[in-house]
Amino acid sequence: MNPTESDWHQIDKRKQQLLAEIWEQLSPEERDILEATLKIEAEHRHLLRPHGLKKSIQDVIKGTIR
Amino acid sequence: MILRELRITNFRQITGTYTIRFAPPGDHSVTLILGENGSGKTTFLNACLWCLYGRKDFENPGEIISHKAVEATPVGQEVKSNVRLILESGGQTYTIERSAGLCKLQDGRLDDADTEKLNVDVTDEKGVTRSINDRDPHQEIGLLLPEELAGFFFFRGEDLEELVAQAGSDKLKGAVETFVDLLVLDRSIAHLVDVERNLERDLKEVSSGDAKRLTEEVEELQSDMDSLSAKIAEERQQEKKILQLVEEVEDRLAEIEEVRPLVEKRRELDQKLGYLVERIKEKRGELADRISADGYLHLRSDVLSVGVKLASEARKSGEIPAKIKPQFVDDLLGIGVCICGKSIDEEARRSLAEWRNTSALGALETAITHLGGEIAHLQRRKDMFRDDFDQRRIEISELESALEITEAERSRVEGELRGRDFRQESARDLQAAKNRHDSELHEVRLRISRAEDKLAQQEETLEQRRTERDRCAKDQEKESRISRQIQAATNVRKGLQKLRTGWVALVQENLDHELQLKWDEIAQLPRRVQFDSDFRLSIKELGGDNQWRPSASSSANKRALALAFVTSLIKLADQAQGSRDGKRFLFAGGQYPLVMDAPFATMDSFKRTVPVGLRRTVPQIVLVTNYDQWQGEVEDALGIAVGSAYVLTLHTPKETGETINFRGIPVEYVAAEPDTVFDWSELKEIMP
């Protein structure tokens, strides 16, 4: 990493690039699943041991791929 | 997160209620807390961590409340310990208060009920205060400063060295992962793995024929892969343990290498000391012989002077020299002729002989002449003795000075050597141990590598089986759908795993880069420092062949490296602030203080550069130290930036107390309290 890249914004930018690369490799359904999964987890992140998230994600997958 | 105020009541050794107002960021951002060893410097640090996280990383964690306060509390009444920390973050003021109250029983003990309470209030920019106890206060504190990161901002000096050791890599990895905030990613990945397994089971239930067989094979493969992954994890743990052993042996080997010049120096000084002691003994012997031979002359100098005086007086009175010498008369009598040419007759001969026999002057003169010669000889011996005596005294004095200097030098070398862990093993034994550990390491890495290859093969086989199964299930709608669902879950999981790995690597790379800049700033020592992809900190120095080689790190270097890492984290946290606006579920970043307990204890070579570097980089510093470590270079470097200062006065059953001088004002440092049963401390503001 060169000195000009050594700040958090650059890290964030490169992370977004990484995410975009991964995004490109997924099908539209898989992108939906990815978004939904992260949303479910983020909404429950404050819980020490969240329950039922596995089922929610499974439901999303089953609902997306019919 | 900037500290504003700490109020502490009856916590551990600190008895009473005291308030510390922390110096805010700016030109005078250092809060200094001075305290003698045993006065509760670490207690102050523990109070902060207990308040924030309820953490009790101290001996006898059940004894939070001050013994002295318990002693003073009547039986049946409650005695309380309380710590309130006020801090600012993101434009809001947080008041975090934790307390523990226990009732004193008849036998003087305290009841063991768990009565700890935590209260968190937030005051916004408009001054409106609300309690956030209805939400999870631990969660709120975790957003301000995640507990995994707390050890990087609130620490004891000795904790710093652990970060640089092999065992510290887990902590450093944890710090990076906290910055990246992997909780959501990790939970997503784990849940997707479970979902894949559930879907596999669903598929097994609905499939038949080849599809069912293949599904069973997939299930079996997954089970094998789970076992293999667990085995790899175990082997990785084993690898870490061996690496730790290798590190210990390398440290000891390096220490032998490092101290070799000192040991040789000590040997050389011992030889020199032996030589000097012998020379002094020899010179003293010579001096004694000289005194024995001629020393009396010095003591009898009056006798010599009496003889000289007598001769001098005889000359002054004209008694000597004699007008006519008896020899002259004898000669005249011998030849029988007077000097006038007349012959000496019988009468003249008789008169001359009579005169010669009665005259004593000639004998006196002879005696005095003889005595004069003897006195002159003795005087010369006396002078020579004095010169010799002086010369030998000078030589002895010079030898004694050389002895003193050599003894001081030896004492310094001995001091440097003291405290190092000189185990009895020789370099050869250590090398043998290192070879053994290297071989074990090679073996375990080989096993890991084989297991990972096998895992990759199984992964490939799994994919093939799934593809075959999908082909078989293609015509079966339900089976085909579940297969596609499994495939989607797998693809999403793999994408998230890639994101996780990539993001962690980005932060690690950033910290690695920043680390060198911070090292150059705070240590100012030509070394290459690294934070590698295994989350390990290391120092390299330039060898004679111009190649960077791992350096045998001293305690001071390790502490400086850990501080460079911490300041890199502080910079990263500062930069992270703002980029996470609106993401209230993430660690927000922002400005962070350093609260350090005796960080410079073994950092003699960096006592000036490190504090100066920290002052430039860290927005707020709380330095807890004893007076000895403060005085001198640290004071020169940080004194100008001190905005508030306190002393922890130790009350102890000693006969005499101790007063220190802070900026011209005498401050009670240790209070002698012969009647006190427990050591206890009070906190006083000392800023003039």
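**Q** Looking at this structure, how should I read the overall build of chain A?
**A** Scanning chain A from terminus to terminus reveals 3 helices and 0 strands. Helices and strands in chain A line up, N terminus first, as α-α-α. Out of the 66 residues in chain A, the part that is buried amounts to 33%. Carbon together with sulfur atoms contributes 50% to the accessible area of chain A, which is approximately 4000 Å² in total.

**Q** Looking at this structure, I do not really get the overall build of chain B. What am I missing?
**A** Assigned secondary structure in chain B consists of 18 helices and 17 strands. Split into buried and exposed, the 688 residues of chain B put 44% on the buried side. Within chain B, residue pairs in contact and separated by at least 24 positions form 71% of the contacts whose partners lie at least 6 positions apart. Of the accessible surface of chain B, which amounts to about 34900 Å², a share of 48% is contributed by carbon and sulfur atoms.

**Q** How should the interface of chain B and chain A be read in this particular structure?
**A** Size of an interface, as often reported, equals the accessible area lost when the parts are brought together. Listed by partner, the interface residues are 43 residues for chain B and 37 residues for chain A. With both sides pooled, the region where chain B packs onto chain A buries about 3800 Å², and carbon together with sulfur makes up 66% of that total. Of all residues in chain B, the largest losses of buried area upon contact with chain A belong to Arg-187, Leu-499 and Leu-506 of chain B, amounting jointly to 16% of the total for that side. Counting across the chain B and chain A interface gives 2 salt bridges. Note that Asp-194 of chain B and Lys-54 of chain A form a salt bridge whose closest N and O atoms lie 4.0 Å from each other. One can count 7 residue pairs in polar contact (both at pLDDT 80 or more) joining chain B with chain A.

**Q** Before we go on, may I ask you to explain the confidence of the model for chain B in this structure?
**A** Parts of the prediction with low pLDDT should not have their coordinates interpreted in detail. Of the residues in chain B, 93% have a pLDDT of 70 or more, and the chain-wide mean is 85. Across the predicted assembly, pTM comes out at 0.68 and ipTM at 0.93.

**Q** Honestly, the packing of aromatic side chains in this entry has me stumped. Any pointers?
**A** Centre distance and the angle of the planes are the two values used to describe a pair of aromatic rings. Counting across every chain of the model gives 10 aromatic pairs over all chains. Relative to Phe-44 of chain B, the ring of Phe-22 of chain B lies with its centre 6.5 Å away and its plane at 55°, an arrangement referred to as tilted. Taken together, the residues span a long stretch of sequence, with Phe-22 of chain B in the loop between strand S2 (14-21) and strand S3 (30-35) and Phe-44 of chain B in helix H1 (residues 41-53) at a distance of 22 residues. By relative accessible area, which is 6% here, Phe-22 of chain B ends up buried. Given a relative accessible area of 3%, Phe-44 of chain B falls into the buried group. Judged by centre distance (5.8 Å) and plane angle (40°), the rings of Phe-385 of chain B and Phe-389 of chain B are tilted. Of the two residues, Phe-385 of chain B and Phe-389 of chain B both sit in helix H12 (residues 361-417), 4 residues apart, roughly one turn of that helix. When its relative accessible area of 5% is taken as the criterion, Phe-385 of chain B is described as buried. Exposure remark for Phe-389 of chain B: the relative accessible area of 24% places this residue in the partly exposed category. The residue whose ring lies beneath Lys-15 of chain A is Trp-503 of chain B, and the NZ or CZ to ring-centre distance is 3.7 Å.

**Q** How should the pattern of salt bridges be read in this particular structure?
**A** Opposite charge on two side chains permits pairing when their charged atoms draw close. Residue and element names in this part refer to chain B. Using the criterion set out here, one finds 55 salt bridges over all chains in the structure. A salt bridge links Arg-55 to Asp-57; its shortest N-O distance comes to 3.6 Å. On the basis of relative accessible area, Asp-57 is assigned to the exposed category, the value being 54%. In this structure, Lys-283 and Glu-395 form a salt bridge, with 2.6 Å as the shortest nitrogen-oxygen distance. In this pair, Lys-283 is assigned in helix H8 (residues 209-299) and Glu-395 in helix H12, connecting sequence segments 112 residues apart. When its relative accessible area of 10% is taken as the criterion, Lys-283 is described as buried.

**Q** What am I meant to see in the packing of helix H6 (residues 169-180) of chain B against helix H15 (residues 555-576) of chain B here?
**A** The description of two helices packed together rests on the angle between their axes and the distance between the axes. Residues and elements named next belong to chain B. For the pair H6 and H15, interaxial distance at closest approach is 12 Å and the crossing angle is 5°. Put simply, H6 runs roughly parallel to H15. Between H6 and H15, the contacting residues are Leu-172, Ala-175 and Phe-179 on the first element and Phe-565, Leu-569, Leu-572 and Ala-573 on the second. Grouping the constituent residues of the contact of H6 with H15 by class yields 7 nonpolar, no polar and no charged.

Scoring rules and cut-offs
Residues numbered from 1 in each chain as written. Chains lettered and ligands numbered in written order. Predicted model: local features only at pLDDT ≥ 70, side-chain atom pairs only at ≥ 80, totals over all residues. Heavy atoms only, no water. Helix = DSSP H or I, 4+ residues; strand = E, 2+ residues; numbered from the N terminus. Buried < 20%, exposed > 50% of the residue type's maximum accessible area, 1.4 Å probe, protein only. Areas by Shrake-Rupley, 256 points an atom, 1.4 Å probe, with all protein chains shown as cover. Contact = heavy atoms within 4.5 Å. Buried area = accessible area lost by both parts, 1.4 Å probe. Salt bridge = Lys/Arg side-chain N within 4 Å of Asp/Glu carboxyl O. Polar contact = N/O pair within 3.5 Å; in protein donor to acceptor, adjacent residues only side chain to side chain. pLDDT = per-residue confidence, 0-100. Phe/Tyr/Trp six-rings, centres within 6.5 Å; stacked < 30°, edge-to-face > 60°. Lys NZ or Arg CZ within 6 Å of the ring centre and 35° of its normal. Axes fitted to C-alpha atoms, helices over the stretch in contact; angles between N-to-C directions. Parallel < 35°, antiparallel > 145°, perpendicular 65-115°, else oblique. Nonpolar A, V, L, I, M, F, W, Y, C, P; charged D, E, K, R; others polar.

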